[in-house]
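Spelled out, the chains give:
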Amino acid sequence: ERVYIPKTITKIGAGAFSNSGIRELYYDAEEISDFNGNNWIFYPQQEEQFSSNQMKQNINLVVGPNVKCIPSRFFLPLGTHLNIHPVVKSVKFAKNSRCETIGEYAFYGLENLQSIHLPDSLKTIGEYAFYNTGLKELYLPDNVESISDNAFMFSDKVEHLRMPRQLKEIGTNCFYGLASLKHLSFADTNLNELGEGAFKNCTSLNYLDLGNIKTINARTFENCSALETIYLND
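Below you will find a few notes about this structure. Bear in mind the structure is a predicted one, so any value in this text is a computation, not a measurement.

With that settled, consider the side chain of Thr 133. Mapped onto the fold, Thr 133 is located in the loop between β7 (124-125) and β8 (137-139). Classification of Thr 133 as buried rests on a relative accessible area of 2%. Non-local contacts of Thr 133, meaning those with residues more than four positions away in its chain, are made with Phe 107, Leu 110, Glu 111, Leu 113 and Ser 155.

The structure is reproduced here in structure tokens:
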């Protein structure tokens, strides 16, 4: 039930931990090859495969201090079964984490992931990294500079979103469909431009402070039907 992936591991093949029933995963690989699009590294057991003495896969992930990048497609499901995701309950980073990048599709579709405390070292979040997750609160560290296209798209349970001070780029459809988000402020950031459709369909958003934003692209706040208060800069 417990798996430790040490610093020295450089590659994990497709299906390596498929049907394993992992409960605790300590991941500390310093540099590892990106997984292929059909990785199913942690592909879960199916209901019919359980016997009375087997435990369902219910992963609690700890990211060790040597990890510089969460690999792309880390928990991406099997390409032929995109609706069957590993059950990841929690993700924690070591206090002395050096992680700077979360790769594309890394935590894609993890609906059971309700909270995550991202490390202060983080700078870049890749495309679809947290697409359709169960996150309720999202506090992005101040050193985050770039959030790529569709990164948090359809994570519709997010109620609180804190923007990083060093943020320089928000991609297309980055926060599309955050239907529970109510307040949004860029007052403490240096961000100049919002990506196209970045907050489209955030249907509960009612308060917006644009801070230093200079450019609002097409469909940025389209269908934000609850929006009542907007503070514009000079």
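There is more to say after this.
This part takes up the pattern of salt bridges. Taken as a whole and judged by the stated rule, the model has 11 salt bridges. Here Arg 73 ties to Glu 104 by a salt bridge, and the two come within 3.2 Å at their closest N and O atoms. Residue Arg 73 is located in the loop between β4 (69-70) and β5 (88-93), and its partner Glu 104 is located in the loop between β6 (101-102) and β7; the two are separated by 31 residues in the primary sequence. Here Glu 104 falls in the partly exposed class, since its relative accessible area comes to 26%. When salt bridges that share partners are traced, they join Lys 7, Glu 30, Glu 31, Lys 68 and Arg 98 into one network.

With that out of the way, let us pick up the packing of aromatic side chains. Applying the stated rule across the entire model yields 20 aromatic pairs. Seen from their ring centres, Phe 42 and Phe 74 are 5.5 Å apart, and the 80° between their planes marks the pair as edge-to-face. With Phe 42 in the loop between β2 (24-27) and β3 (59-63) and Phe 74 in the loop between β4 and β5, the pair connects residues that are 32 residues apart, well separated along the chain. On the accessibility criterion, Phe 74 (0% relative accessible area) is buried. Centroid distance Phe 175 to Phe 199: 5.2 Å. Interplanar angle 10°. Geometry classified as stacked.

Okay, the environment of Cys 202 next. Looking at where Cys 202 falls in the secondary structure, it is placed in the loop between β13 (193-194) and β14 (207-209). Judged by its relative accessible area of 0%, Cys 202 falls in the buried class. A sequence separation of 187 residues divides Cys 202 from Gly 15, and the C-alpha atoms of the two residues are 37 Å apart. Sequence-distant contacts of Cys 202, that is, excluding residues within four places in its chain, are made with Phe 175, Gly 177, Leu 178, Asn 223 and Cys 224.

Rules of the game
Position numbers for residues count from 1 along each chain, tracking the sequence in the order it is written. With the structure being a predicted model, the display of local features is reserved for residues of pLDDT at least 70 and the display and counting of side-chain atom pairs for 80 or more, all residues being used for whole-chain, interface and lining totals. The side-chain values count all of the structure's non-hydrogen atoms but skip hydrogen atoms and water molecules. Numbered from the N terminus, helices here are DSSP runs of H or I no shorter than four residues, and strands are runs of E no shorter than two. Buried residues are those whose accessible area, probed at 1.4 Å on protein chains only, stays under 20% of the maximum for their type, while exposed residues exceed 50% and partly exposed ones sit between those limits. The contact definition used throughout considers only heavy atoms, calling two residues in contact when any of these lie within 4.5 Å. We define a salt bridge as a side-chain nitrogen of Lys or Arg found within 4 Å of a carboxyl oxygen belonging to Asp or Glu. Between 30 and 60 degrees the pair is tilted, below 30 it is stacked and above 60 it is edge-to-face, where a pair is any two Phe, Tyr or Trp rings, Trp via its six-membered ring, whose centres lie within 6.5 Å.

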